[in-house]
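# Structural overview for review
Okay, here's what each chain looks like letter by letter:
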Amino acid sequence: MLDALSWYIAVQLLGFLAFPAGFLLFKRLPDRGFTLAKPAAMVFFSYVLWMLGLSHIAPNTQFTIVAILVVAAIPSVLLFRKNLNEIKEFIRQNWPMLVAAEVLFLGFFLMWLGIISEVPAINHTEKPMDFGFMNAVLQSRFFPPEDPWLSGSSISYYYFGHFMMAFLTQMTGVASSVGYNLGVALVPGLVAIGAFGLVYNLVRLSGGSLRAGMVFGAVGPVLILLAGNLEGVVEFVHLQSWGGSGFWEWVGIKGLDGTNTGSGMFPDNQWWWFRASRVIDTLSGGQSLDYTITEFPFFSFILGDLHPHVMSLPFVILGLGITLNFFRATGQLGLGWLRENAVEAAAIALFIGALAFINLWDMPVLAAMLAAAAMVKAYGDCNGSLTRAALGAVIVVFPIIVLAIVFFLPFYSDFEAQTSGILPLRDVNTRPILLFLVMGPLILLAVSFLLRQLPGLVRPSDNDSSGAVIVLVVVATPFLVWTGLAFFTTWIDDGVSAAFGEVGSRMILVIPGLLLVGIAGFSAMQRSRLKLEPTTAFPLLVAGLAFYLLIGAEIFYVVDQFGGGFRRMNTVFKIYYQAWLLLGIVGSYGLYYLWSARSSVSWPINLGRILPVGRYVWIATVSVLFLASMYFPLGAALDRTGVLRDGHSVTDNTLDGLAFLKRSSPGEYAAIEWLRDDAPWGRMVEAVGDDYTDFARISSSTGLPTVLGWKGHELQWRGASSFTGREEDVNSIYSSADSGLVRSLLDAYDVRYVYLGSRERRTYGGDNLADFEQSSGAIGSAGFLKTAFEQDGVIVYEMVQSTAENK
C-alpha cells in the first residue's frame, strides 16, 4: 500500500500548495475553500503542465512536474506568511470542520481502496479505453497525446480527467496499472470532502452552527456516494418470488420476469447489480424501445470505470463551490465588478472551462448555473429591476464563458464531435414508476425542501412581476418549442389524433416537473430581491436546474450515433447522473432546512394536529426509502468483491490492474511492462477485434498507439471514414508473404513495434513475420524486423531503421 500512501501524500501536497490562494479566492465561504483545494490544485497544476507540453516549452516528465510545484510553492509560501494570523484564527475557530473533512476524504479513499483491491483487473467495460488514454498521456513527451487506438491522430475525446490522473501517476512514479485504480479510489474521496464542504458552507451561510454544518454536511457524501437506487429493492422482491408474471411485465426491467428467483438475502448470480443501471426502458416482446443508462455514483465506483462522467464529479462540485462564492459577492455586477475581481473571474473561467475537457456534458450545466446565479444575485442587488439585472449579469457572465472556452481552445481544435444536434423526443417517455425507482428518495427530499420553504416567502405583488415573467419564459419556452415540433411532426406522420396523444402522454411528468422548476426559480428571485434568507436561493437554483434537466430528457434528446431504441441512451445517462449529484446536494441542505424550520414558520391557517402527523409520516417514509436505498450498495459490494464466497482470500488483494495477466498470460504481462517502461516510444501494430474484448490490450496497457484498436469507439469519436482500410492493412501485415507490401504498410503507419501474441496467432496466423527478420532475410528483400522481446510465446518485433521518433 506504499503506492496508495504516495498518492495520498501527493494529493495533500497539492492541496496545501493551493490553500493559501484558495483562502483568498474563496473568501466569502465559511470553509475558505479548504474542501475544494485538492480538486482546484489538480485542475490548475495539470493545466500548467498541459500548456507547457502543448507549447513544447517543457516535456511531460516527473522533473517538470516537480519544477512546477517548486515554482508554485514560492507565491504559496508568501501568501501563507502574509495571511498567517488570519489563517491561524480560521484554523482555531474551525478545526473540528477541518478534521471532519479530512477524515471523510481519507475514509472514502481507504474504503474504495479496499473494495478495488478485491477486483482490480482492468479488463472489462470501458476500463481499457480509460486506461489507454491515461497511458497515452504518460507516454507523450509533448501534447496533445496520440490516440492509442488510431496511430497518427490526436485523442478526439474529453480526456482531462485522465490527464489529471496521469499527472499524479507521473508525480508519484507508480506504475500506471496501479495509478488507474488509485484514481478510481481518489474520486469518491474528493467527492466526499467536496460535497461535505459545499453543504457545510450552505448551512453556515444560512445561519446554522458549526455543528449543524458538519452534521448535515456529512449527509451529502452519504446521499451522493453511498445510496443506491431502489432497483435493489425490486431485486429483493423478485428474489422472494413475490408478484406474478403480470406484475413483472408491468415493472418492465429486463431480467426480472418472475422466474429464476432463488433464495436468501441477495441474488446469487454474479453481476445481478448491473440491472440497476438499465432501469428506464420500454419493452415490447422483451425488446428495448427506449434503452437508457441510469448509472449513479456507487454503481460507477463498484464497476470501476475511470470514465469522464465519473471523474468529473468532484470538479462539478468545485464549479458549484466557486459559483456559490461568486453568488455571495458584494456590489453590483458589471464592468466594475470584473475589474475589481479579475482574478476571481479568471478562476471561474478556468474551473468551469475545465469541465468541458473533463466531461463535455457538464460545462453547459455549470455555465447555466453560473448565469442563473448571476441573474438572481443581480436581481436582488438591483432591487428587482430586471433590465439592469440582466445587463449586469450578461456583462460579467459572457466574458467568463468566452474565457472558459479560450483557455481550452487547443482541446476544441482536436475534438471531432459526432453529435449532430438536438431533436424533440417522440414515441417513448419515462414511466413514473421507473423514475421513482431511479431517484425517488432524492426527488422526495428536494420536493419537500421546495414546499417547506414556501411559507417563508411573502405574498406575490406587482414587484415580483418581472421576476415571475423571466421564470415563466425560462420554464415554458422549451416545452412550447417541443410541443409545436412534436405535435406537427406527429400530425404529419400519424394524424391529428396521434399528435394529441403524443403531447398528452408525457404530461404526467413534464407539467409537475416544470411546476417545480417554476417554484424554485420564483422563490429564488423573491428571496434575493427581499433578502429573505438569500443564501437559500442558491440551493433553490440547484434544485430548479436538476428538475429542468430531468424534464429536458423527457422532451428532447441529443442526436448521436445511437439511433432507434437507443436514441436517448446517452441523453438520459449523462443528464440523470448530473441530476443525482445536484439533488444529493439539495437533499442534504433540504434536510437542514426542514430541521431548522420545523417550528420557525407560521402557517396561514391553524392546521391543528395535521402537521405533527404529517411530519411523522414524512419521517417514516424518508427513513424507509433511505434504508431501501442501502440494499443495493451492500449487496453489490458483497457480490463484486466476493468476500462471502468460498475460497476468498485477502492475500491475493492488489491494486495492480494487470496482475490477472501475470497469472494467466505471463508473456503478455512481461511484454507490456517492457513496452511501457523500457522500450523507446514508437507506434505499434497488434490484432484488431471487437470492442469490449481483450483486443487492443497492448496499446491500451502501454499507451503506445496502434494502427487500429476498438473500431466501435473510433466510430463514436470520429466516424467510419477515419479508419477506412486500416483493418485490412493490419490483416495484410500479419498474413501476407509479400515482404515489400508488409514493409510499405509498416512504413506508411510509421510502425516501430509489431506485437505477436495469442490473439494475433488466433486471428491471422502471423507466421509470415519470422520470414522478415533481419537475421534470416527475405526473398527479394533484406530483412527489416528484429526480435526485440520474446517470452512465453510472445514476440515483439522491432523495425530495423524505423522512422518512428521519440515523442
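Quick summary incoming for the structure in this document. (Residues numbered from 1 in each chain as written. Predicted model: local features only at pLDDT ≥ 70, side-chain atom pairs only at ≥ 80, totals over all residues. Heavy atoms only, no water.)

### Concerning the overall build of the chain
The number of helices and strands found in the chain is 33 helices and 8 strands. Dimensions of the chain, computed from C-alpha atoms along their principal axes, come out at roughly 100 × 70 × 55 Å. Within the chain, contacts between residues at least 6 apart in sequence are counted, and of these 77% link residues at least 24 apart. Accessible surface computed for the chain: about 31000 Å², of which carbon and sulfur atoms make up 63%. For the chain, the distance from the average site of its 50 positive side-chain charges to the average site of its 61 negative ones is 14 Å. (Helix = DSSP H or I, 4+ residues; strand = E, 2+ residues; numbered from the N terminus. Contact = heavy atoms within 4.5 Å. Areas by Shrake-Rupley, 256 points an atom, 1.4 Å probe, with all protein chains shown as cover. Lys, Arg positive; Asp, Glu negative; His and termini not counted. Charge placed at Lys NZ, Arg CZ, Asp CG, Glu CD.)

### Looking at the pattern of salt bridges
Where charged atoms of side chains with opposite charge meet at close range, the side chains can pair. Following the criterion strictly, the structure yields 24 salt bridges and no others. Where E344 meets R28, a salt bridge forms, and the shortest distance between an N and an O atom there is 2.8 Å. Here R28 lies in the loop between α1 (2–25) and α2 (37–54) and E344 lies in helix α15 (residues 342–358), a separation of 316 residues in the sequence. Judged by its relative accessible area of 16%, R28 is buried. Two residues, K38 and E102, come together in a salt bridge whose shortest N-O distance is 2.7 Å. One end of the pair, K38, is in helix α2; the other, E102, is in helix α4 (residues 84–118), and 64 residues separate them in sequence. Residues K38 and E102 agree in their burial class; the two are buried. (Salt bridge = Lys/Arg side-chain N within 4 Å of Asp/Glu carboxyl O. Buried < 20%, exposed > 50% of the residue type's maximum accessible area, 1.4 Å probe, protein only.)

### Describing helix α5 (residues 127–139)
Relative to the 18 Å expected for 13 residues at 1.5 Å per residue, α5 spans 18 Å between its end C-alpha atoms, a close match to the ideal helical length. Here α5 lies mainly inside the structure; 12 of its 13 residues are buried. Regarding α5, the residues found buried are K127, P128, M129, D130, F131, G132, F133, M134, N135, A136, V137 and Q139. (Expected span 1.5 Å × (residues − 1).)

### Some details on the nonpolar core
The nonpolar side chains of a soluble globular protein tend to be buried, and buried together. Counting residues in each nonpolar core, the largest one holds 274 residues, and the members touching the most others are L186, M439, F547, Y576, Y734 and L746. The element that contributes the greatest number of residues to this core is helix α7 (residues 176–205), accounting for 19 residues. Leave out the neighbours within four places in its chain, and L186 touches W7, V11, M42, F105, F109, M165 and L168. (Core = buried A, V, L, I, M, F, W, Y, C linked by side-chain atoms within 4.5 Å.)

### Some thoughts on the sheet that holds strand β7 (residues 785–791)
Here 4 strands make up an open sheet; going across it, the order is β5-β6-β8-β7 and the pairing mixed. The two strands at the open ends of the sheet, each matched to only one other strand, are β5 (683–685) and β7. The sheet shows a mean angle of 25 degrees between the axes of neighbouring strands, direction not considered. Strand direction decides the pairing type here: strand β6 (residues 751–756) and strand β8 (residues 794–799), joined by 4 bridges, are antiparallel. Paired with V754 across the two strands is Y797, which belongs to β8. Here helix α28 (residues 666–678) sits on the sheet and contacts β6, β7 and β8; the angle it forms with β7, its principal contact strand, is near 125 degrees. (Pairing = 2+ DSSP bridges. Axes fitted to C-alpha atoms, helices over the stretch in contact; angles between N-to-C directions.)

### Overview of the packing of α1 against α2
Their axes nearest at 8 Å, the elements α1 and α2 cross at an angle of 90 degrees. Between α1 and α2, the crossing angle belongs to the class labelled roughly perpendicular. Every residue of α2 that contacts α1 at V11, Q12, L14, G15, L17, A18 and F19 is listed here: A37, K38, A41, M42 and F45. Within the contact of α1 with α2, the residues separate by chemical class into 9 nonpolar, 2 polar and 1 charged. (Parallel < 35°, antiparallel > 145°, perpendicular 65-115°, else oblique. Nonpolar A, V, L, I, M, F, W, Y, C, P; charged D, E, K, R; others polar.)

### Let's talk about the packing of aromatic side chains
Considering all chains together, one arrives at 68 aromatic pairs under this definition. Consider the rings of Y291 and F566, whose centres lie 5.0 Å apart with planes at 45 degrees: the pair is tilted. Of this pair, Y291 sits in the loop between β2 (287–288) and α11 (297–303) while F566 sits in the loop between β4 (556–559) and α24 (569–596); the two residues are 275 residues apart in sequence, bridging distant segments of the chain. Its guanidinium or amino end placed over the ring of F23, R32 lies 3.7 Å from that ring's centre, counting from NZ or CZ. Above the plane of the ring of W250 lies R431, whose end atom (NZ or CZ) is 5.6 Å from the centre. (Phe/Tyr/Trp six-rings, centres within 6.5 Å; stacked < 30°, edge-to-face > 60°. Lys NZ or Arg CZ within 6 Å of the ring centre and 35° of its normal.)

### Some details on a nonpolar patch on the surface
A cluster of nonpolar side chains, contributed by V394, F398, V402, I405, V406 and L409, occupies part of the molecular surface with about 520 Å² of accessible area. Sorting elements by how many residues they give to the nonpolar patch places helix α17 (residues 386–407) first, with 5 residues. Among the secondary structure elements, V402 is positioned in helix α17. A residue is classified by how much of its surface remains accessible, and V402, at 35% relative accessible area, is partly exposed. (Patch = residues over 30% accessible without salt bridge, like charges linked within 9 Å, V, L, I, M, F, W, Y side chains within 5 Å.)

### Looking at α24
Three or four residues apart is the spacing at which side chains of an α-helix point the same way, because the helix has 3.6 residues per turn. In this model, α24 (28 residues) spans 40 Å end to end at C-alpha, consistent with the 40 Å of a helix rising 1.5 Å per residue. Burial runs high along α24: 25 of the 28 residues are buried.

### Details of the environment of V279
Considering the arrangement of structural elements, one finds V279 in the loop between α10 (245–251) and β1 (283–284). Taking the C-alpha atoms as reference points, V279 and L437, separated by 158 residues in sequence, lie 7.9 Å from one another. Residue contacts for V279: discarding those within four places in its chain leaves N229, E231, G252, I253, T294, L434, L437 and V438.

### Quick look at empty space enclosed by the protein
Using the criterion set out here, one finds 4 cavities of 30 Å³ or more in the structure. Forming the walls of the largest cavity are 13 residues, and the residues nearest its centre are V316, D362, Y577, Q578 and L581. Top element by residues in the lining of the largest cavity is α24. It accounts for 5 residues. Of the residues in the lining of the largest cavity, the class split is 7 nonpolar, 4 polar and 2 charged. (1 Å grid on protein atoms, 1.4 Å probe; cavity = no way out; pocket = protein on both sides within 12 Å on 5 of 7 lines; lining within 4 Å. Points joined across faces, edges and corners; volume = space filled by probe spheres on them.)

### Topic: the side chain of D639
Note on placement: D639 falls in helix α26 (residues 631–641). Once residues lying within four places of it in the same chain are set aside, the contact partners of D639 are N269, Q270, W271, W272, W273 and R645.

### Focus: unusual backbone geometry
In this structure, the amide linkage connecting F143 to the following residue, P144, adopts the cis form with an omega of 10 degrees. Along the polypeptide, P144 turns up in the loop between α5 and α6 (160–172). The phi dihedral of S241 falls on the positive side, at around 65 degrees, and the residue is not glycine. Relative to the assigned elements, S241 resides in the loop between α9 (231–239) and α10. S241 sits in the partly exposed class, given a relative accessible area of 46%. Residue D427 is not a glycine yet carries a positive backbone phi of 75 degrees. Structurally, D427 is set in the loop between β3 (421–424) and α19 (432–452).

Coordinates in, geometry out; function isn't part of it.
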